[in-house]
Amino acid sequence: MLLVLDFHAYAEQPDDELDLLEGALLIAKDAYPGLDPALVEADLLRLADPLLQARVAEMRAPIQARALQEHLFIRGGFRGNRDDYYDPKNSFLNEVIARKVGIPISLSPVYVEVARRAGVAASPVGFPGHFLARIDDHDRRVVVDPFHGGEVLDEVALA
């Protein structure tokens, strides 16, 4: 993956052309100038591989959400950092992957990018005061909260 030269050039692109991973890497690269995007990509592919092997992409959205929750949060150990929410490392994708801890705006891109590499139609969702992720299939949308262990949110929780 080639990064745009700077964050300003990235941010000037139309919203529908912004790449989630590229944006997250540009933020991390500010704190870690030597960050190699290829290594982060390799980490995401490694995280997605068991989901690819399990053919999660062929499942319906609710089952995909459960498989991602099990893989990333239950077995994988990813979690929201409730103890030190404002730790700057919570904001950098490379640190979140390495430490398996982050905040909503950094855990959601990890969730989405792993899901996408597993063939799942996933996207980030900006929500008032929070950041979520969504999984779509041909019949249904499922909204999940990566900060709270990949919990599936129903309409009541989203209201």
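Attention in this report is confined to the structure presented alongside it. These numbers were taken from a predicted model, which means no experiment stands behind them.

### Here we look at the packing of aromatic side chains
Thought 1: Tallied over the full model, the rule gives five aromatic pairs.
Thought 2: Ring geometry for Phe7 against Tyr10: centres 5.7 Å apart, planes inclined by 40°, an arrangement best described as tilted. Within this pair, Phe7 and its partner Tyr10 are both found in helix α1 (residues 7–11), separated by three residues, close to a single helical turn.
Thought 3: On the basis of relative accessible area, Phe7 is assigned to the partly exposed category, the value being 40%.
Thought 4: Ring geometry for Tyr32 versus Phe92: centroids 5.6 Å apart, planes at 80°, classification edge-to-face. Of this pair, Tyr32 sits in the loop between α2 (20–31) and α3 (37–53) while Phe92 sits in the loop between β1 (79–80) and α5 (93–99), and the two are 60 residues apart along the sequence.

### Regarding α3
Thought 1: Compared with an ideal rise of 1.5 Å per residue, which puts 17 residues at 24 Å, α3 spans 24 Å between its outermost C-alpha atoms and is within 8% of the ideal.
Thought 2: All of the buried residues in α3 are Pro37, Val40, Leu44, Leu47, Ala48 and Leu51.
Thought 3: Residue Asp36 occupies the N-cap position of α3, its side-chain oxygen lying 2.9 Å from the main-chain nitrogen of Ala38.
Thought 4: Immediately beyond the C-terminal end of α3, within one or two residues, lies Arg55, with a positive phi of roughly 55°.

### Focus: helix α4 (residues 61–75)
Thought 1: Helix length check: α4 (15 residues) gives 20 Å between terminal C-alpha atoms against 21 Å at 1.5 Å per residue, within 8%.
Thought 2: At Gln69, α4 shows its largest kink, close to 25°.
Thought 3: Every buried residue of α4 is listed here: Ala61, Gln64, Ala65, Ala67, Leu68, Gln69, His71, Leu72 and Phe73.
Thought 4: Downstream of α4 by a residue or two, Gly77 has a phi angle that is positive, lying close to 85°.

### Thoughts on the pairing of strand β4 (residues 130–136)
Thought 1: Burial analysis of β4 places five of its seven residues in the buried class, the great majority of the element.
Thought 2: With seven bridges joining them, strand β3 (residues 121–127) and β4 adopt antiparallel strand pairing. Residue Ala122 lies in a different strand from β4, and its bridge partner there is Ile135.
Thought 3: Of the strand pairs in this sheet, β4 and strand β5 (residues 141–145) are connected by four bridges, and their pairing is antiparallel. Bridge pairing in β5 places Arg134 opposite Val143.
Thought 4: Connecting β4 to the next strand, β5, in antiparallel fashion are four residues.

Here is what the cut-offs are and how they apply
Residues numbered from 1 in each chain as written. Predicted model: local features only at pLDDT ≥ 70, side-chain atom pairs only at ≥ 80, totals over all residues. Heavy atoms only, no water. Phe/Tyr/Trp six-rings, centres within 6.5 Å; stacked < 30°, edge-to-face > 60°. Helix = DSSP H or I, 4+ residues; strand = E, 2+ residues; numbered from the N terminus. Buried < 20%, exposed > 50% of the residue type's maximum accessible area, 1.4 Å probe, protein only. Expected span 1.5 Å × (residues − 1). Polar contact = N/O pair within 3.5 Å; in protein donor to acceptor, adjacent residues only side chain to side chain. Bend = angle between axes of the 7 residues up to and from the residue. Pairing = 2+ DSSP bridges.

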